[in-house]
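In case you want the letters, here they are:
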Amino acid sequence: MTTSNNEKVTVETTVYAPVAKVWEYWTEPKHITQWNNASDDWHTPVAENDLKVGGKFLTRMEAKDGSFGFDFGGIYDEVKVNEVISYTMGDGRKVDVTFKGQGDETQVIETFDAETTNPIEMQQAGWQAILDNFKKYAEQ
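Rules and cut-offs
Residues numbered from 1 in each chain as written. Predicted model: local features only at pLDDT ≥ 70, side-chain atom pairs only at ≥ 80, totals over all residues. Heavy atoms only, no water. Helix = DSSP H or I, 4+ residues; strand = E, 2+ residues; numbered from the N terminus. Rg over C-alpha atoms; globule rule 2.2 N^0.38 Å. Buried < 20%, exposed > 50% of the residue type's maximum accessible area, 1.4 Å probe, protein only. Pairing = 2+ DSSP bridges. Axes fitted to C-alpha atoms, helices over the stretch in contact; angles between N-to-C directions. Core = buried A, V, L, I, M, F, W, Y, C linked by side-chain atoms within 4.5 Å. Contact = heavy atoms within 4.5 Å.

**Q** Quick question: what am I supposed to make of the overall build of the protein here?
**A** Of regular secondary structure, the protein possesses three helices and seven strands. Taking 14 Å as the expected radius of gyration for a compact globule of 140 residues, we find that the protein reaches 14 Å, a close match to that expectation. Across its three principal directions, the C-alpha atoms of the protein cover 40 × 35 × 30 Å. Looking at the protein residue by residue over its 140 residues, the buried ones come to 39%.

**Q** How do you make sense of the sheet that holds strand 3 (residues 56–63) when you look at a structure like this?
**A** Two orientations exist for strands paired in a sheet by backbone hydrogen bonds: parallel and antiparallel. Within the open sheet, the seven strands sit side by side as 1-7-6-5-4-3-2. Their pairing is antiparallel. Across the chains shown, the open sheet's two edge strands, defined by having one partner strand only, are strand 1 (8–15) and strand 2 (42–49). Strand-to-strand twist across the sheet, computed as the mean angle between neighbouring axes with direction ignored, equals 20°. Where strand 1 meets strand 7 (residues 105–113), eight bridges bridge the pair, whose relative direction is antiparallel.

**Q** Even after reading the chapter, I still don't get the nonpolar core, so can you show me in this structure?
**A** One broad trend across soluble globular proteins is that nonpolar side chains are buried collectively. Counting 31 residues, the largest nonpolar core has W26, I85, Y87, V97, F99, V108 and F134 as its most contacted members. Ranked by residue count, the leading element in this core is helix 3 (residues 120–138), at seven residues. Beyond its immediate stretch of four places on either side in the chain, V97 contacts W26, E83, V84, I85, Y87, V108, I109 and E110.

In structure tokens, the structure reads:
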């Protein structure tokens, strides 16, 4: 995967749950393994998260049939509980996740540096699918 061409991509959703629950489900490994996939034929068997500035995270995403898998990780640049998570991925690209809670709903906005290997539309669709899966899980 090639690093960014400086184009940023944004995906977002509104989760019908309070921000504290949304934050917990987004950041705790026991929850990450339940929602971090773009389709039902993928899963995340491993999630590690040291949620602090300078802390590292790692998730292992795999096809359920065992045909393919990859590690996704990075280092946290900013963490403000229930508000913002910013990190740098292993390839140097940046990601910002903003949580805007209001009562029993939370807007989650993710902005990431696009990579240059895959079309922007494909990247946006993949990240949106994962975010949609998160919404479904968090609203259960």
